[in-house]
Amino acid sequence: ELDEDEKDKLVDLDSFTALPRADDILHYCLPVCAPYFAMQAYKFKVKLTPGQGKKGKVAKQAQAMFQKDATPRERELIKVVGDHEMVMQMVGNARISTPAKK
């Protein structure tokens, strides 16, 4: 049985979404690094593969790619995410492989 504090924490986690709807109010975005298959439902994703790219440069490339398909509010939030936050989530020496568009 969960106590009230633990239940409150679960409610906060339930507010995260990988695919925001048009009527959602967006407060921030969160960089995530996970197996590509696990991120199939995410609106913004890039596939990192082993390569010679430096983390900072790869992070900037990913941000630029995300902003192409973003709404104005999403663009604001993507810009706010610092390079350090993105770099801390990434594997080293990688390059971006663009996902196939459906």
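Bear in mind that the values here come from a model prediction, so they are computed numbers and not experimental data.

A. Here's a closer look at the nonpolar core. In terms of nonpolar packing, the biggest core is built from 12 residues, these being Val46, Val58, Ala59, Ala62, Phe66, Ala70, Ile78, Val81, Met86, Val87, Met90 and Ile96. Ranked by residues supplied to this core, first place goes to helix H2 (residues 55–68) with 4 residues.

B. Spatial organisation of the layout of surface pockets. Estimates place the volume of the largest pocket at around 1,000 Å³. Taken together, 37 residues form the lining of the largest pocket, with Cys29, Leu30, Pro31, Val32 and Tyr42 sitting closest to its centre. Every element with two or more residues in the lining of the largest pocket is listed here: strand E1 (47–50), H2, helix H3 (72–80) and helix H4 (83–89).

C. Molecular detail of the environment of Cys33. By secondary structure assignment, the location of Cys33 is in the loop between helix H1 (4–14) and E1. The class for Cys33 is partly exposed, based on a relative accessible area of 38%. Taking C-alpha positions, Cys33 is 9.0 Å from Met86, a pair spaced 53 residues apart along the chain. What Cys33 contacts, discounting residues up to four positions off in sequence, is Gln89 and Met90.

D. Region of the structure containing the packing of aromatic side chains. Per the stated rule, a full pass over the model turns up 2 aromatic pairs. Judged by centre distance (5.7 Å) and plane angle (55°), the rings of Phe44 and Phe66 are tilted. Of the two residues, Phe44 sits in the loop between H1 and E1 while Phe66 sits in helix H2, which places them 22 residues apart along the sequence. Here Lys47 stacks its cationic end above the ring of Tyr36, 5.8 Å away from the centre of that ring.

E. Seen up close, the pattern of salt bridges. Inspection of the entire model under this criterion finds 5 salt bridges. A salt bridge links Arg21 to Asp23; the shortest N-O distance between them is 3.2 Å. Under the relative-accessibility criterion, Arg21 is labelled exposed at 55%. According to the relative accessible area criterion, Asp23 is exposed, its value standing at 55%. A salt bridge links Lys60 to Asp83; the shortest N-O distance between them is 2.7 Å. With Lys60 in helix H2 and Asp83 in helix H4, this residue pair connects regions lying 23 residues apart in the sequence. According to the relative accessible area criterion, Asp83 is partly exposed, its value standing at 29%. A network of salt bridges, in which partner residues are shared, links Arg21, Asp23 and Asp24.

F. Quick look at the side chain of Glu74. Examined against the element boundaries, Glu74 turns out to sit in helix H3. For Glu74, the contacting residues outside a window of four places in its chain are Pro20, Leu26, Lys43, Phe44 and Asp69.

G. Representation of the packing of H2 against H3. Contact geometry of H2 with H3 gives a least axis separation of 9 Å together with a crossing angle of 170°. By the criterion of interaxial angle, the relationship of H2 to H3 is roughly antiparallel. Counted together, Gln63, Phe66, Gln67 and Lys68 of H2 and Arg75, Ile78 and Lys79 of H3 form the full contact between these two elements. For the contact of H2 with H3, the per-class residue count stands at 2 nonpolar, 2 polar and 3 charged.

The rules behind each value
Residues numbered from 1 in each chain as written. Predicted model: local features only at pLDDT ≥ 70, side-chain atom pairs only at ≥ 80, totals over all residues. Heavy atoms only, no water. Core = buried A, V, L, I, M, F, W, Y, C linked by side-chain atoms within 4.5 Å. Buried < 20%, exposed > 50% of the residue type's maximum accessible area, 1.4 Å probe, protein only. Helix = DSSP H or I, 4+ residues; strand = E, 2+ residues; numbered from the N terminus. 1 Å grid on protein atoms, 1.4 Å probe; cavity = no way out; pocket = protein on both sides within 12 Å on 5 of 7 lines; lining within 4 Å. Points joined across faces, edges and corners; volume = space filled by probe spheres on them. Contact = heavy atoms within 4.5 Å. Phe/Tyr/Trp six-rings, centres within 6.5 Å; stacked < 30°, edge-to-face > 60°. Lys NZ or Arg CZ within 6 Å of the ring centre and 35° of its normal. Salt bridge = Lys/Arg side-chain N within 4 Å of Asp/Glu carboxyl O. Axes fitted to C-alpha atoms, helices over the stretch in contact; angles between N-to-C directions. Parallel < 35°, antiparallel > 145°, perpendicular 65-115°, else oblique. Nonpolar A, V, L, I, M, F, W, Y, C, P; charged D, E, K, R; others polar.

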